[in-house]
Amino acid sequence: MITRGPDFLGTASAIQRHPRGDRAQLTAFQDAKLRRLLVHAYEHVPYYRKLFDRHRLHPRHVRGVVDLDLIPITTKQDLRDLLPSEVVARGIDPSTLLAVPTNGSTGEPFVVRRTRMEQGFHALFRQRAYEAFGLGLRGRIASISYPRPGHPRDTRLVGRWLSAMGVHPTLRIDGLQEPQAIVDQLEAFHPELISSLPGMLVRVADHLLAMGRDRVRPRIVVVGGEVLTPLVRRRLTDAFGVAPLQTYGSHEFPLLGWECRTHGGIHTCDDGAIVEVLRHDRPALPGEEGGVVATNLHAYAMPLIRYRLADLVTRGADQCVCGQPFSVIGAIRGRMIDYFPLPDGRVIHPYQILQTIQPGTDMWIRQCQLLHDRPERIVLRVVPAGTPEPELERRLRGAVLPLLGPGVEFQVRIVDDIPLDAGGK
C-alpha cells in the first residue's frame, strides 16, 4: 500500500500557524515530515530504494534534519534520463500527474511530476508570502510572466477555490507582449500587487518612466526567478513608487523563501522544504556562500530528497531577528551556471560586475546585458536612456577593469534593444 501523501487541510492549517510559532515547533514539524517522506520514498520509489541500499542506509537511521548528511545528494543529471517508473512512486500512473518542465537554462530540461494537491501547496506558500508582504485577502494581483501552455490536468483547484471565495483576484499577463500592452492592462486592472521576473518587469518600468506614466501604483511589487541587481531595483522603485520585494524558488520546489520586510534577508520556507547551504559539501557557516541542496517535504508522487540546485546563496542566521521562527538566506547570488571563468582561474558572477556601477552614474543605462563570449573578453550591452556621454562609458570601464584583472578586455556596446530569452528572462 502506498504511503498517503500529506494531509492537505491539516498541513495547510500548520502552514498558517507557523509564523506565530517558535523555532522548536517548526523544527519538530520538519523532522516529522522528513521521516515520513523517507519511509515512503524507500518503500515505493525505485530510485531511492536503490540509492539507500547502495549506501547501506535505511530511513530508520535518519532521526531528522540533524542526520540529513547521511543521505547522498541527488543531481538533476542523476534523474533526468531515468524512466518515470523509476522516479515516480509505485501505484501512481505518471500520466495522471502534472508534468512541470524546468526552463532548461542549464541546457538540461527536466520534468518534475506532482499531484494537483502537491501543486496546491505551491499556491498556499505563495499566498502566505504575499500576506507577509502586506497583501489583504481581497488584494488584487497582476502576475506578469512567461506564458506556458497549461497541462490538461492542471485545473488550479486551489487557485479556483480561492478565486471563488474572492481571495486574491488575479490577472495573468503575457510578459512577452510589448510594454505598452502590459501597461494598458495594469492601468485597467489596478492591482495592489504586481509579481514578475525582474528582467521582464524592468521593461515595463522603463516604458513607464520614458512615457511619464504614473497611473500604475501598486502597494507591493514582488520579483523572483533572477538575481535582483541594484540597477534594476532602482529602476523598479522609480517607476512604481515602491521598492521591490524578493521571493526565491524553483520549478522543482514550492516557494523556498520570501523577503523579510523587517530584516531584509530571505525567510526560508522551512515548512515547505529543507534548504541546506553547502560549501564544498559541508554546511556553510553564517555569512558564507554555498550551493543549495533542497528536500521537498510535500512531494510524494515524485520525491526530491537532497536535490542539488544550481543556485549560490549566502547562509544567514538559524532564525530571523524579526522574531518569526524561519531561518534566513542572507543573499541570492544566482545560478552557478551564470559564473564567468577568467583566464587566471578565478570565477566571477555578473552581479559583481554590475555592483561596480555607482548609484547616480547609471541613469544613462535603460537596460543592460553581460556577455562572456570568450575567456579574455566580457561585453556589456547597453540600451541607453538618451545619448550616452563618452565620459560615463570611460568611468564605467575604469570601475570594472580592476575587478577583472589583467588580460581581460571589457567592452561597452550600445544597442537598440535586448530581447528576452525563450524563458522570458
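To keep things clear, this report deals only with the structure shown in the data block. Just so we're clear, the structure is a prediction, and the values are computed from it rather than from any experiment.

## Observations regarding the environment of Arg 60
For step 1, the next point in the chain: Following the sequence through the fold, Arg 60 ends up in the loop between helix 3 (46-54) and helix 4 (76-80).
For step 2, the next point in the chain: Residue class for Arg 60 comes out exposed when judged on its relative accessible area of 63%.
For step 3, the next point in the chain: On a C-alpha basis, the gap between Arg 60 and Leu 38 in space is 8.8 Å, while along the polypeptide they are 22 residues apart.

## Quick word on the pattern of salt bridges
For step 1, the next point in the chain: Counted by the stated rule, this structure contains 19 salt bridges.
For step 2, the next point in the chain: In this structure, Arg 215 and Glu 187 form a salt bridge, with 3.8 Å as the shortest nitrogen-oxygen distance. Pair noted here: Arg 215 is in the loop between helix 9 (198-211) and strand 6 (220-223) and Glu 187 is in helix 8 (residues 179-189), with a separation of 28 residues, a long-range link.
For step 3, the next point in the chain: For Arg 215, a relative accessible area of 54% corresponds to the exposed category.

## As for the sheet that holds strand 17 (residues 365-374)
For step 1, the next point in the chain: Strand order in this open sheet of three strands is 17-18-19, and the pairing throughout is mixed. In the strand order of this sheet, the two ends are held by strand 17 and strand 19 (409-414), each with one partner. Direction aside, neighbouring strands of the sheet carry axes that sit 20° apart on average.
For step 2, the next point in the chain: Pairing of strand 17 with strand 18 (residues 377-384) involves seven bridges; the strand directions are antiparallel. Paired with Leu 371 across the bridge in strand 18 is Val 379.

## Regarding the packing of aromatic side chains
For step 1, the next point in the chain: Within this structure, the stated rule accounts for five aromatic pairs.
For step 2, the next point in the chain: Relative to Tyr 48, the ring of Tyr 47 lies with its centre 4.9 Å away and its plane at 80°, an arrangement referred to as edge-to-face. For the residue pair Tyr 47 and Tyr 48, the accessibility class agrees, reading buried in each case.
For step 3, the next point in the chain: Taking 6.0 Å as the distance between ring centres and 50° as the angle between the ring planes, the aromatic pair formed by Phe 253 and Tyr 307 counts as tilted. Within this pair, whereas Phe 253 is found in strand 8 (residues 253-259), its partner Tyr 307 is found in strand 13 (residues 307-315), the two being separated by 54 residues in sequence. Both residues of the pair, Phe 253 and Tyr 307, count as buried.

## Some points on the state of the cysteines
For step 1, the next point in the chain: Taken as a whole and judged by the stated rule, the model has zero disulfides.
For step 2, the next point in the chain: Cys 260 forms no disulfide, and the closest cysteine sulfur to it belongs to Cys 320, at a distance of 3.8 Å.

## A word on the packing of helix 8 against helix 9
For step 1, the next point in the chain: The interhelical angle for the contact between helix 8 and helix 9, taken along N-to-C directions, is 85°, at an axis separation of 9 Å. Viewed along their axes, helix 8 and helix 9 adopt a mutual orientation that is roughly perpendicular. Between helix 8 and helix 9, the residues in contact are Pro 179, Gln 180, Ile 182, Val 183 and Leu 186 and Arg 203, Val 204, His 207 and Leu 208, respectively.

## Some points on helix 12 (residues 390-404)
For step 1, the next point in the chain: Here helix 12 contains 15 residues, and its C-alpha end-to-end distance of 21 Å stays within 8% of the 21 Å for a straight helix at 1.5 Å per residue.
For step 2, the next point in the chain: All of the buried residues in helix 12 are Glu 393, Leu 396, Val 400 and Leu 404. Projected down its long axis, helix 12 shows its buried positions confined to an angular sector of 65°, all on one face.
For step 3, the next point in the chain: At the C-terminal side of helix 12, Gly 405 shows a positive phi close to 90°.

## Quick notes on unusual backbone geometry
For step 1, the next point in the chain: With phi around 55°, His 280 is a residue other than glycine that occupies positive phi space.
For step 2, the next point in the chain: You can see His 280 is positioned in the loop between strand 10 (273-279) and strand 11 (282-283).
For step 3, the next point in the chain: Accessibility expressed as a relative area gives 74% for His 280, which makes it exposed.
For step 4, the next point in the chain: Located in the positive-phi region is Asp 281, a residue other than glycine, with phi close to 65°.

## Here we look at helix 3
For step 1, the next point in the chain: Listed in full, the buried residues belonging to helix 3 are Pro 46, Tyr 47, Tyr 48, Leu 51 and Phe 52.
For step 2, the next point in the chain: The first or second residue beyond helix 3 is Arg 56, which carries a positive phi of 50°.

## Looking at the nonpolar core
Soluble, globular proteins show a tendency: their nonpolar side chains are buried together.
For step 1, the next point in the chain: By size, the foremost hydrophobic cluster in this structure holds 43 residues, and its most contacted members are Tyr 48, Phe 52, Ile 71, Tyr 248, Phe 253 and Leu 309.
For step 2, the next point in the chain: Going through the elements one at a time, helix 2 (23-44), helix 3, strand 8, strand 10, strand 12 (289-296), strand 13 and strand 14 (328-335) are the ones with two or more residues in this core.
For step 3, the next point in the chain: No other element matches the five residues that helix 2 contributes to this core.
For step 4, the next point in the chain: When residues no more than four places from it in sequence are discounted, the contact partners of Tyr 48 are Ala 41, Tyr 42, Thr 74, Pro 303, Leu 304 and Ile 305.
For step 5, the next point in the chain: Counting residues in each nonpolar core, the second largest holds 23 residues, with Ile 173, Val 183, Leu 197 and Val 223 among its members.

## Points about the side chain of Thr 74
For step 1, the next point in the chain: Relative to the helices and strands, Thr 74 is located in the loop between helix 3 and helix 4.
For step 2, the next point in the chain: Since its relative accessible area comes to 0%, Thr 74 is described here as buried.
For step 3, the next point in the chain: A distance of 2.8 Å separates polar atoms of two side chains, one belonging to Thr 74 and the other to Tyr 47.

## So, the pairing of strand 3 (residues 141-145)
For step 1, the next point in the chain: Taking burial as the measure, the five residues of strand 3 include four buried ones, the bulk of the element.
For step 2, the next point in the chain: In this sheet, strand 4 (residues 170-174) lies alongside strand 3 in parallel orientation, the contact comprising five bridges. Looking at the pairing, Ser 143 lines up with Arg 172 of strand 4.
For step 3, the next point in the chain: Sheet analysis places strand 3 next to strand 5 (residues 193-196), joined by four bridges and oriented parallel. Bridged to Ala 142 within strand 5 is Ile 194.

Procedures and definitions
As a convention, each chain's residues are numbered from 1 in the sequence order in which they are written. Residue-level local features of this predicted model are given only where pLDDT is at least 70; pairs of side-chain atoms are given and counted only at 80 or more, and the full residue set underlies all totals for whole chains, interfaces and linings. Side-chain measures here rest on the full set of heavy atoms in the structure, leaving out hydrogens and waters. We count a stretch as a helix when DSSP gives it H or I for four or more residues in a row; a strand needs E for two or more, and each element gets its number in order from the N terminus. The buried label applies to any residue whose accessible area, calculated with a 1.4 Å probe on protein chains only, is under 20% of its type's maximum; exposed applies above 50%, and partly exposed to all values in between. By definition, a salt bridge exists where a carboxyl oxygen of Asp or Glu is found within 4 Å of a side-chain nitrogen of Lys or Arg. Each pair of strands is called paired provided DSSP finds at least two bridges between the two strands. Lines are fitted to the C-alpha atoms to define the axes, a helix being fitted only along its stretch in contact, and any angle between axes, read from their N-to-C directions, falls within 0 to 180 degrees. The pairing test for Phe, Tyr and Trp rings, Trp by its six-membered ring, is centres within 6.5 Å, and the orientation test on the planes gives stacked under 30 degrees, edge-to-face over 60, and tilted for anything in between. Sulfur atoms of two cysteines make up a disulfide when they are within 2.5 Å. Should an angle fall under 35 degrees it is called roughly parallel, over 145 degrees roughly antiparallel, and 65 to 115 degrees roughly perpendicular, with every other angle called oblique. By definition, residues are in contact when any of their heavy atoms lie within 4.5 Å. Expected span of a helix: the number of residues minus one, times 1.5 Å. The directions considered for the arc are those from the helix axis to the C-beta atoms. The nonpolar core is taken to be a set of buried Ala, Val, Leu, Ile, Met, Phe, Trp, Tyr and Cys residues, with the residues joined through side-chain atoms within 4.5 Å. Whenever a nitrogen or oxygen atom comes within 3.5 Å of another N or O atom, the pair is scored as a polar contact, on the condition that within protein one atom can donate a hydrogen and the other can accept it, and that pairs from neighbouring residues in sequence are kept only if both atoms are in side chains.

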